[in-house]
Amino acid sequence: MKSSLAPIMILIAAILWGTAGTAKTYLPDNVDSLSIGAMRLIIGSLILIVIALAMRQFKLKGWPWRLVFSAGIAMALFQPFFFNAVTLTGVAVGTVAAIGSAPMFSGAIEWVFLKIRPSRVWWISTTLAILGCALLMTNTGAVTVNPLGILSGLGAGLTFASYTIMNAKMVKDHPPIATTAIVFTISALLLTPFLLLNDPSWVVTASGISVSLYIGLFATGLAYFLFATGLRYVPSSSAVTLSLAEPLTASLLGVLFVGEKLNSWSWAGLIMLLSGLVLLALQSRQNSKAMRTQL
């Protein structure tokens, strides 16, 4: 794969993530968020294992298991943190608090623990993206900013950033599809009890099957495979910023398919968010070309 395509793959992954919220609206009303979170990980991990086995890339030897389990726990924790934030403080504020805080956590972790100082372009693009997310919060006056919901959103941002950094380290030495399959299998095993504790009858309904398959196959399996592959060539802090295409996609789909409306400040936020993502994507591609020239 050409390394210049890596930021594009991460953007596509984030766009696929952004479709999950719209897809979830087609599920029965009694479906709880933790159950669909568990189901998406179960289906995603199964399809990734099948593909990895078919490509003969799924091996159980030679893995840094401490790092693998840590990444699995981070991804499992992300689900309840994220869905709790959305439940307590609304979809818009909850998503922005979770995904919008991830770049700050990622940059801080890399700077403090890995001694990697973020570039000037990262600071500019991340600032634009976060300001854009903040403006998206102004879309409705009926939002209840629940402090516990915001705290849960920050927990989601921290766990997503941690997963990204750990995954970026593993895919340097292991196939991305096998890495994602193993990590997601661990996460799915951790969350399966939540699926069994709640009423699982929705799974066998027509909408339950179709939506679960879409979210599991495309918004989880394919999306995280693309994300993990892109992490081979894009710094984790930049990858997390590029993942802000998720709330951008979710907002646009809400307007087009769910009937939501955006005010002028929200459209300005979308433009700022998109500008930050494009700036970082172009810079990442330039860095990839420079690396190939040096090689």
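About the thresholds
Residues numbered from 1 in each chain as written. Predicted model: local features only at pLDDT ≥ 70, side-chain atom pairs only at ≥ 80, totals over all residues. Heavy atoms only, no water. UniProt positions renumbered as here; feature names shortened; annotations may be inferred. Helix = DSSP H or I, 4+ residues; strand = E, 2+ residues; numbered from the N terminus. Contact = heavy atoms within 4.5 Å. Areas by Shrake-Rupley, 256 points an atom, 1.4 Å probe, with all protein chains shown as cover. Axes fitted to C-alpha atoms, helices over the stretch in contact; angles between N-to-C directions. Parallel < 35°, antiparallel > 145°, perpendicular 65-115°, else oblique. Left-handed = near helix turned anticlockwise from the far one by under 90°. Nonpolar A, V, L, I, M, F, W, Y, C, P; charged D, E, K, R; others polar. Phe/Tyr/Trp six-rings, centres within 6.5 Å; stacked < 30°, edge-to-face > 60°. Buried < 20%, exposed > 50% of the residue type's maximum accessible area, 1.4 Å probe, protein only. Patch = residues over 30% accessible without salt bridge, like charges linked within 9 Å, V, L, I, M, F, W, Y side chains within 5 Å. Salt bridge = Lys/Arg side-chain N within 4 Å of Asp/Glu carboxyl O. Core = buried A, V, L, I, M, F, W, Y, C linked by side-chain atoms within 4.5 Å. Expected span 1.5 Å × (residues − 1). Bend = angle between axes of the 7 residues up to and from the residue. pLDDT = per-residue confidence, 0-100.

With an unreviewed UniProt entry as reference, the protein is termed EamA family transporter, source organism Salinicoccus sesuvii. In its Sequence similarities (unreviewed entry) section, UniProt records this for the protein: "Belongs to the EamA transporter family." Entered under Subcellular location (unreviewed entry) in the UniProt record, the comment concerning the protein runs "Endomembrane system".

Helix and strand content of the protein: 11 helices and 0 strands. If you list the helices and strands of the protein from N to C, you get α-α-α-α-α-α-α-α-α-α-α. Expressed as a percentage of contacts within the protein between residues at least 6 apart in sequence, the contacts between residues at least 24 apart total 89%. Counting only carbon and sulfur atoms, one obtains 70% of the accessible surface of the protein, whose full area is about 13,800 Å².

Let's shift gears to the packing of helix H2 (residues 33–54) against helix H8 (residues 206–230). Two numbers describe a pair of packed helices, the interaxial angle and the distance between the axes. Packing of H2 against H8 brings their axes to within 8 Å, and their N-to-C directions diverge by 60 degrees. By the criterion of interaxial angle, the relationship of H2 to H8 is oblique. Note that H2 runs across H8; the crossing there is right-handed. Along its contact with H2, which presents Ile36, Met39, Arg40, Ile43, Gly44, Ile47 and Leu48, the element H8 presents Ser212, Leu213, Ile215, Gly216, Leu217, Ala219, Thr220, Gly221 and Phe225. Grouping the constituent residues of the contact of H2 with H8 by class yields 10 nonpolar, 5 polar and 1 charged.

Here we take up the packing of aromatic side chains. With the rule as written, the count across this model stands at 13 aromatic pairs. Taken together, a centroid distance of 6.0 Å and an interplanar angle of 45 degrees make the contact between Trp65 and Phe69 tilted. Taken together, the residues Trp65 and Phe69, both in helix H3 (residues 65–89) and 4 residues apart, mark about one turn of the helix. Given a relative accessible area of 44%, Phe69 falls into the partly exposed group. Their ring planes at 80 degrees and their centres at 6.0 Å tell us that Tyr163 and Tyr224 sit as a pair that is edge-to-face. Remark: Tyr224 occurs in helix H8 and Tyr163 occurs in helix H6 (residues 147–170); sequence separation between them is 61 residues. Exposure remark for Tyr163: the relative accessible area of 0% places this residue in the buried category.

The subject of this paragraph is the environment of Met166. You can see Met166 is positioned in helix H6. For Met166, a relative accessible area of 16% gives the class buried. In this structure the C-alpha to C-alpha distance between Met166 and Val68, which are 98 residues apart in sequence, comes to 8.0 Å. Those residues in contact with Met166, other than ones at most four positions away along the chain, are Leu67, Ser70, Ala71 and Ala74.

This next bit is on a nonpolar patch on the surface. A contiguous nonpolar patch, built from Trp111, Val112, Phe113, Leu114, Ile116 and Trp123 and spanning about 630 Å² of accessible area, is present on the exposed surface. Tracing the sequence through the fold places Trp123 in helix H5 (residues 120–136). Under the relative-accessibility criterion, Trp123 is labelled partly exposed at 40%.

Here we take up the nonpolar core. With 67 residues, the main nonpolar core has Trp17, Ile36, Phe160, Tyr163 and Phe227 as its most contacted residues. Ranked by the residues each element gives to this core, the list is headed by helix H1 (residues 6–24), at 10 residues. One finds Leu48, Ile49, Ile177 and Ala181 within the second-largest nonpolar core, a separate group that totals 5 residues.

A few words now on H8. The terminal C-alpha atoms of H8 lie 34 Å apart, and with 25 residues this matches the ideal 36 Å at 1.5 Å per residue to within 8%. Along H8, the helix axis deviates most sharply at Ile215, where the bend reaches about 25 degrees.

Positionally, Ser243 belongs in the loop between helix H9 (236–242) and helix H10 (245–258). Setting aside residues no more than four positions away along its own chain, Ser243 makes contact with Ala14, Trp17, Ile99 and Phe160.

A few words on the packing of H6 against H8. Two numbers describe how H6 lies on H8: the axes approach to 9 Å, and their chain directions differ by 55 degrees. Taken together, the axis directions place H6 and H8 in an arrangement best described as oblique. Of the two possible hands of crossing, H6 and H8 adopt the one that is right-handed. Residues Phe160, Tyr163, Thr164 and Asn167 of H6 touch H8, and the partners they reach there are Tyr224, Phe227 and Ala228.

This paragraph deals with the confidence of the model for the protein. Per-residue pLDDT for the protein averages 81, and the proportion of residues at 70 or more is 85%. For the stretch residues 290–295, pLDDT sits under 50, and the model shows 2 contacts to residues farther than four places along the chain or on other chains.

Quick look at unusual backbone geometry now. Residues other than glycine seldom take positive phi values, yet Arg56 does so here, at roughly 55 degrees. Among the secondary structure elements, Arg56 is positioned in the loop between H2 and H3. Note on Arg56: relative accessible area 74%, which makes it exposed.

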